[in-house]
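Each chain is listed here by its residues.
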Amino acid sequence: MIYWEIFWAFFISSILGYGGGPASIPLVEKEVVDHYGWLTNQEFSEVLAVGNSLPGPIATKLAAYIGYTEGGFLGSFIGLFATVAPSIILMLLLMAVLLKHKDKPQVKNISVVVRPVIAVLLGVMTFDFAKDSVVSLGVIYTIILLVGSYVLLEKLKWHPALVILIALVIGAVTGLYNSGELTFGF
């Protein structure tokens, strides 16, 4: 049963996630956190952060990791396959049709209509992550991380992986400090 759930969660997310990984992330989150309860919102945001710091498509990394945690190696394979299966099926079945009609306005308008929906889904997910961050870290840490990330990414043009790495280090240090394992000599 768990393998069917893993397949279905990632297949649905991938088939409805028009536009690739960023578009499917809110859908994966809905399935993994809200529908099946495999991860909390906080855990999902941490998996997403680590996945974004690694090379390759984010959707496949999420599927492989979550599939593995829920169903072992076979679960990882099923999650990964379910993530790429819609693309394989659509490429095989619709390639000729799309190539034939690619210049028609109806086909071009699909992207125009779907982009705002993707932006709203990403905005809602970002709001949920920020809300959870305020609850778990507090307002001050959340504001520092948001402003610091914005400055490093947009103003100083640092690579996102480096900013994520810095956030991971800050999280590890503050987590160790809060748990009493790191005292800084105090």
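Note: the structure precedes this text.
Summary of the structure given here.

Moving on, we get to the environment of Ser14. Within the fold, Ser14 resides in helix 1 (residues 2–16). The contacts of Ser14, once residues within four sequence positions are left out, are Ala82, Thr83 and Pro86.

Enumeration according to the criterion identifies two salt bridges in this entry. Residue Asp34 pairs with Lys30 through a salt bridge whose shortest N-O separation is 3.4 Å. Of this pair, Asp34 and Lys30 both sit in helix 2 (residues 21–35), four residues apart, which is roughly one turn of that helix. Residue Asp34 is classed as partly exposed on the basis of its relative accessible area of 49%. With a closest N to O distance of 4.0 Å, Lys131 and Asp128 form a salt bridge. Taken together, the positions of Lys131 and Asp128, both in helix 5 (residues 105–137) and three residues apart, correspond to about one turn of that helix.

What follows deals with the environment of Val135. Its place among the elements puts Val135 in helix 5. On the accessibility criterion, Val135 (69% relative accessible area) is exposed. Sequence separation between Val135 and Ser111 is 24 residues, and the spatial gap between their C-alpha atoms is 36 Å.

Attention now moves to helix 5. The end-to-end C-alpha separation of helix 5 is 48 Å, in line with the 48 Å expected for 33 residues at 1.5 Å each. What helix 5 keeps buried is the set Ile118, Met125, Phe129 and Ser133. Of the residues flanking the end of helix 5, it is Gly138, one or two places downstream, whose phi is positive at about 105 degrees.

Where helix 5 contacts helix 6 (residues 139–155), the axes come no closer than 7 Å and their chain directions differ by 130 degrees. Judged by the angle between their axes, helix 5 and helix 6 are oblique. Contact residues: helix 5 offers Ala130, Ser133, Val134 and Leu137, while helix 6 offers Val139, Tyr141, Thr142 and Leu145.

By the secondary structure assignment, Thr40 is in the loop between helix 2 and helix 3 (41–53). Among the residues examined, Thr40 registers a relative accessible area of 42% and is labelled partly exposed. Put simply, Thr40 and Glu29 are 11 residues apart on the chain and 9.4 Å apart in space, counted from C-alpha to C-alpha.

Parameters and conventions
Just so you know, the residues in each chain are numbered from 1, in the order the chain's sequence is written. Per-residue local features are limited, in this predicted model, to residues with pLDDT of at least 70; the limit for side-chain atom pairs, both in listing and counting, is 80 or more; totals at the level of whole chains, interfaces and linings are taken over all residues. Side-chain measures here rest on the full set of heavy atoms in the structure, leaving out hydrogens and waters. A run of DSSP states H or I qualifies as a helix once it reaches four residues; a run of E qualifies as a strand once it reaches two. Both are numbered from the N-terminal end. Between two residues, a contact is recorded if the distance between any of their heavy atoms is within 4.5 Å. Think of a salt bridge as a Lys or Arg side-chain nitrogen and an Asp or Glu carboxyl oxygen that are within 4 Å of each other. Only protein chains enter the calculation, and the probe is 1.4 Å; a residue is then buried if its accessible area is under 20% of its type maximum, exposed if over 50%, and partly exposed in between. Take the number of residues in a helix, subtract one, and multiply by 1.5 Å to get its expected span. For helices, the fitted line uses only the C-alpha atoms of the stretch in contact; every axis is such a line through C-alpha atoms, and the angle between N-to-C directions lies from 0 to 180 degrees. Note on angle classes: values under 35 degrees are labelled roughly parallel, values over 145 roughly antiparallel, values of 65 to 115 roughly perpendicular, and the remainder oblique.

Fair warning: the whole summary comes from geometry, so function is off the table for now.
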